[in-house]
Amino acid sequence: AQRVTQPEKLLSVFKGAPVELKCNYSYSGSPELFWYVQYSRQRLQLLLRHISRESIKGFTADLNKGETSFHLKKPFAQEEDSAMYYCALSRDSSASKIIFGSGTRLSIRP
Amino acid sequence: IAGITQAPTSQILAAGRRMTLRCTQDMRHNAMYWYRQDLGLGLRLIHYSNTAGTTGKGEVPDGYSVSRANTDDFPLTLASAVPSQTSVYFCASSEGLAGPGTGELFFGEGSRLTVL
């Protein structure tokens, strides 16, 4: 069965420290992976997707098929990064089959 | 630009009552979705619609129904609400049906539903 696992419910780091939000998936096909973010009092929105290979707000994520992981990283955390982060998997490149992980709340301490 | 509009933003209702959550999009997106967000469980897909006139079941469809009479509207109905349906409900839409890069979802602000 397809599954997205985010092992940390809460991650708290100091401002300026590196951040890594973990995401592992199980899927037998070729998945498309995403990170979505929900800032306080804002809508859930796309942060980045693996096919774009881009850095958004200093965040990057590399798809590691060997480890079936798609961890989200940022070298230096900022206070405005505090938010809820969801890893998501799209099966067969179809938007109707997007599965979300349980989410990680990132808290950046000043 | 409104994007996705959901109503109501919050509602308390008694168990056994019927409730419809409304969702409207102005982006002319083909696909629309309903998710529920629960602490520790993340977002779970209830129902989806790939195009007007068609609907499909997600991960947790029981107790919910949807319709897609036109491109813009995708209401979610709870025929007889139960306390386990207390949740935050998110409506979303996406442009395409398949192919790389079509997987981006655009979300509404959510509807907080409490069933007593």
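Look above for the structure.
These numbers were taken from a predicted model, which means no experiment stands behind them.

Chemist: Tell me what's going on with the sheet that holds strand β7 (residues 60–61) of chain A, and back it up with residues and numbers.
Modeler: Neighbouring strands of a sheet are bound in pairs by backbone hydrogen bonds; such pairs are parallel or else antiparallel. Residue and element names in this part refer to chain A. An order of β3-β8-β7 is seen for the three strands of this open sheet, with the pairing classed as antiparallel. If you trace the sheet from one side to the other, it starts and ends with β3 (19–21) and β7, each paired once. Where β3 and strand β8 (residues 72–74) come together, three bridges link them in antiparallel fashion. Bridge pairing in β8 places Leu 21 opposite Leu 72.

Chemist: Account for the state of the cysteines, with residues named and values stated.
Modeler: Residue and element names in this part refer to chain B. Across all of its chains, the model carries two disulfides over all chains by this definition. One disulfide in the model links Cys 23 with Cys 91; its S-S distance is 1.9 Å. Of note, the bridge from Cys 23 to Cys 91 carries an S-S torsion of about -75° and is left-handed in sense. Of the two residues, Cys 23 is situated in strand β3 (residues 19–25) and Cys 91 in strand β9 (residues 87–94); the sequence distance between them amounts to 68 residues. For the pair shown, Cys 23 and Cys 91 are each scored as buried.

Chemist: Provide a residue-level description of the nonpolar core, including the pertinent values.
Modeler: When a protein is soluble and globular, its nonpolar side chains tend to lie buried together. In terms of nonpolar packing, the biggest core is built from 26 residues, with Trp 35, Leu 72 and Tyr 85 of chain A touching the most fellow members. When residues of this core are traced back to their parent elements, those giving at least two are β2 (10–14), β3, β5 (32–38), β6 (45–49), β9 (83–90) and β11 (104–109) of chain A. Sort the elements by how many residues they give to this core and β9 of chain A lands first, with four residues. Ignoring anything within four residues of it in the chain, the contact list for Tyr 85 of chain A reads Gln 6, Leu 21, Trp 35, Tyr 36, Val 37, Tyr 39, Leu 47, Phe 59, Leu 72, Gly 103, Thr 104 and Leu 106 of chain A. Counting residues in hydrophobic clusters, the runner-up holds 20 residues, among them Leu 46, Ala 88 and Phe 100 of chain A together with Leu 43 of chain B.

Chemist: How would you explain the packing of aromatic side chains if you had to name every residue and give the values?
Modeler: Counted by the stated rule, this structure contains eleven aromatic pairs over all chains. Here the aromatic rings of Tyr 36 of chain A and Phe 107 of chain B are separated by 5.9 Å at their centres, their planes lie at 85°, and the arrangement is edge-to-face. Pair noted here: Tyr 36 of chain A is in strand β5 and Phe 107 of chain B is in strand β10 (residues 106–107), and the two residues belong to different chains. Taken individually, Tyr 36 of chain A and Phe 107 of chain B each receive the classification buried, so the pair is uniform in this respect.

Chemist: An account of the sheet that holds strand β7 (residues 64–66) of chain B is requested, with residue identities and associated values reported.
Modeler: All names here are of chain B. The strand order across the open sheet built from four strands is β1-β3-β8-β7, with neighbouring strands paired in antiparallel fashion. The open sheet terminates on both sides in strands that have one partner only, identified here as β1 (4–7) and β7. Averaged over neighbouring strand pairs, the angle between their axes works out to 20° when direction is ignored. Inspection of the sheet shows β3 paired to strand β8 (residues 76–78) by three bridges, in the antiparallel sense. By the bridge assignment, Met 19 is partnered in β8 with Leu 78.

Chemist: Can you break down the pattern of salt bridges residue by residue, with the values?
Modeler: Residues and elements named next belong to chain A. Inspection of every chain in the model, using the stated rule, returns eight salt bridges over all chains. A salt bridge links Lys 73 to Glu 20, with the shortest nitrogen-to-oxygen separation between them at 3.6 Å. Highlighted residues: Lys 73 in strand β8 and Glu 20 in strand β3, separated in sequence by 53 residues. With relative accessibility at 42%, the residue Lys 73 sits in the partly exposed group. Since its relative accessible area comes to 28%, Glu 20 is described here as partly exposed.

Reading the values: the criteria
- Residues numbered from 1 in each chain as written.
- Chains lettered and ligands numbered in written order.
- Predicted model: local features only at pLDDT ≥ 70, side-chain atom pairs only at ≥ 80, totals over all residues.
- Heavy atoms only, no water.
- Pairing = 2+ DSSP bridges.
- Helix = DSSP H or I, 4+ residues; strand = E, 2+ residues; numbered from the N terminus.
- Disulfide = S-S within 2.5 Å.
- Buried < 20%, exposed > 50% of the residue type's maximum accessible area, 1.4 Å probe, protein only.
- Core = buried A, V, L, I, M, F, W, Y, C linked by side-chain atoms within 4.5 Å.
- Contact = heavy atoms within 4.5 Å.
- Phe/Tyr/Trp six-rings, centres within 6.5 Å; stacked < 30°, edge-to-face > 60°.
- Axes fitted to C-alpha atoms, helices over the stretch in contact; angles between N-to-C directions.
- Salt bridge = Lys/Arg side-chain N within 4 Å of Asp/Glu carboxyl O.

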